[in-house]
Amino acid sequence: MNLHLIQARANRLANRRLLAAVAQLSDDEFHAQRTSFFPSLALTLNHLLNVDHYYIAALQGDAEMRHIWARYVPARSAGELSVRQDESDLRLIELCATLRPADDERIVAFDRGAGIEAGPREPLGRVLAHLFMHQTHHRGQAHAMLAGTSVKPPQLDDFILLGDRVHREADMAALAWPEPV
């Protein structure tokens, strides 16, 4: 069982649900000042996407990871963000689908501004754990901000357990993903 793939797919499902709810807001509501670490849904969700791009580049050994981070252009609308997040989520799923248990110890090098040679090095399994936790953390903030709007925040935590199958059937069908047995 590839737990990273399960987490990457759950990540995509949660992002799709959250961004579908956010897409119901006007652009003004998407950018409206709210109470959180990043003071709007737009800033929070764009941060998530930018971090995803950076970490996926690092996981793939892309030496341009720092430039990818620096050149990020924030999505102006929830619809644009949703398309871009989905593309990023698919890249992460594809990466995780190729992983084998021994890959968890493969070292991932980062460029934090002084070059890859001077940057931190972390085992791939820890990098993925951090990335999924980062996503969950900021999705939770966006979920709380959404609660302050007229749009009901969606359920975001019923994608992994086999017993939760009934709660994700529509999502799985929409993506043409088979339900694990």
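Structural data are supplied above this passage.
Quick summary incoming for the structure in this document.

Attention now moves to the overall build of the chain. A count of helical and extended segments in the chain gives 7 helices and 2 strands. The order of helices and strands in the chain, counted from the N terminus, is α-α-α-α-α-β-β-α-α. Taken over the C-alpha trace, the chain has a radius of gyration of 17 Å; the compact-globule value for 181 residues is 16 Å, and the two agree within 12%. With respect to the principal axes defined by its C-alpha atoms, the chain has extents near 50 × 40 × 25 Å. Considering the chain as a whole, with its 181 residues, one finds that 46% of them fall into the buried category. Within the chain, contacts between residues separated by at least 24 positions form 67% of all contacts whose residues are at least 6 apart in sequence. On the chain, roughly 9600 Å² of surface is accessible, and the fraction owed to carbon and sulfur atoms is 57%. Side chains of the chain give 19 positive and 23 negative charges; the mean places of these two sets differ by 1 Å.

Turning next to the packing of aromatic side chains. The full count for this structure, using the stated rule, is 5 aromatic pairs. Pairing Tyr55 with Phe110 gives two aromatic rings, centres 5.4 Å apart and planes at 65°, and the pair type is edge-to-face. One end of the pair, Tyr55, is in helix α3 (residues 41–59); the other, Phe110, is in the loop between β1 (107–109) and β2 (121–123), with 55 residues separating them in the sequence. Taken individually, Tyr55 and Phe110 each receive the classification buried, so the pair is uniform in this respect.

Taken as a whole and judged by the stated rule, the model has 1 cavity of 30 Å³ or more. Its boundaries defined by the atoms lining it, the largest cavity holds a volume of some 30 Å³. Residue lining of the largest cavity: Asn15, Leu19, Leu45, Leu48, Leu81 and Gln85, and that is the complete set. Breaking the lining of the largest cavity down by element, the ones donating at least two residues are α1 (3–22), α3 and α5 (78–97). Residues belonging to the lining of the largest cavity are distributed by class as follows: 4 nonpolar, 2 polar and no charged.

Residue placement: Ala57 occurs in helix α3. Residue classification places Ala57 among the buried residues on the basis of a relative accessible area of 0%. Separated by 11 residues in the primary sequence, Ala57 and Ile68 place their C-alpha atoms 8.0 Å from one another. If we skip the residues at most four places from it in the chain, Ala57 touches Asp62, Met65, Ile68 and Arg91.

The subject of this paragraph is the packing of α3 against helix α6 (residues 124–146). The N-to-C vectors of α3 and α6 enclose an angle of 170°; their axes lie 10 Å apart at closest approach. As far as their axial angle goes, α6 and α3 are roughly antiparallel. Here the contact of α3 with α6 is built from residues that sort into 13 nonpolar, 7 polar and 2 charged.

The subject of this paragraph is the side chain of Asn11. Looking at the secondary structure, you find Asn11 in helix α1. A relative accessible area of 2% means that Asn11 is categorised as buried. A polar side-chain atom of Asn11 sits 3.5 Å from a polar atom in the side chain of Asp89. With residues up to four places along the chain from it excluded, the contact list for Asn11 reads Asp89, Leu92, Phe132, Gln135 and Arg139.

The tally for this structure, following the rule as stated, stands at 3 salt bridges. Note that Arg17 is salt-bridged to Asp171, the shortest N-O span being 2.5 Å. With Arg17 in helix α1 and Asp171 in helix α7 (residues 165–175), the pair connects residues that are 154 residues apart, well separated along the chain. Asp171 matches Arg17 in its accessibility class, with the two residues each being buried.

Calculation criteria
Residues numbered from 1 in each chain as written. Predicted model: local features only at pLDDT ≥ 70, side-chain atom pairs only at ≥ 80, totals over all residues. Heavy atoms only, no water. Helix = DSSP H or I, 4+ residues; strand = E, 2+ residues; numbered from the N terminus. Rg over C-alpha atoms; globule rule 2.2 N^0.38 Å. Buried < 20%, exposed > 50% of the residue type's maximum accessible area, 1.4 Å probe, protein only. Contact = heavy atoms within 4.5 Å. Areas by Shrake-Rupley, 256 points an atom, 1.4 Å probe, with all protein chains shown as cover. Lys, Arg positive; Asp, Glu negative; His and termini not counted. Charge placed at Lys NZ, Arg CZ, Asp CG, Glu CD. Phe/Tyr/Trp six-rings, centres within 6.5 Å; stacked < 30°, edge-to-face > 60°. 1 Å grid on protein atoms, 1.4 Å probe; cavity = no way out; pocket = protein on both sides within 12 Å on 5 of 7 lines; lining within 4 Å. Points joined across faces, edges and corners; volume = space filled by probe spheres on them. Nonpolar A, V, L, I, M, F, W, Y, C, P; charged D, E, K, R; others polar. Axes fitted to C-alpha atoms, helices over the stretch in contact; angles between N-to-C directions. Parallel < 35°, antiparallel > 145°, perpendicular 65-115°, else oblique. Polar contact = N/O pair within 3.5 Å; in protein donor to acceptor, adjacent residues only side chain to side chain. Salt bridge = Lys/Arg side-chain N within 4 Å of Asp/Glu carboxyl O.

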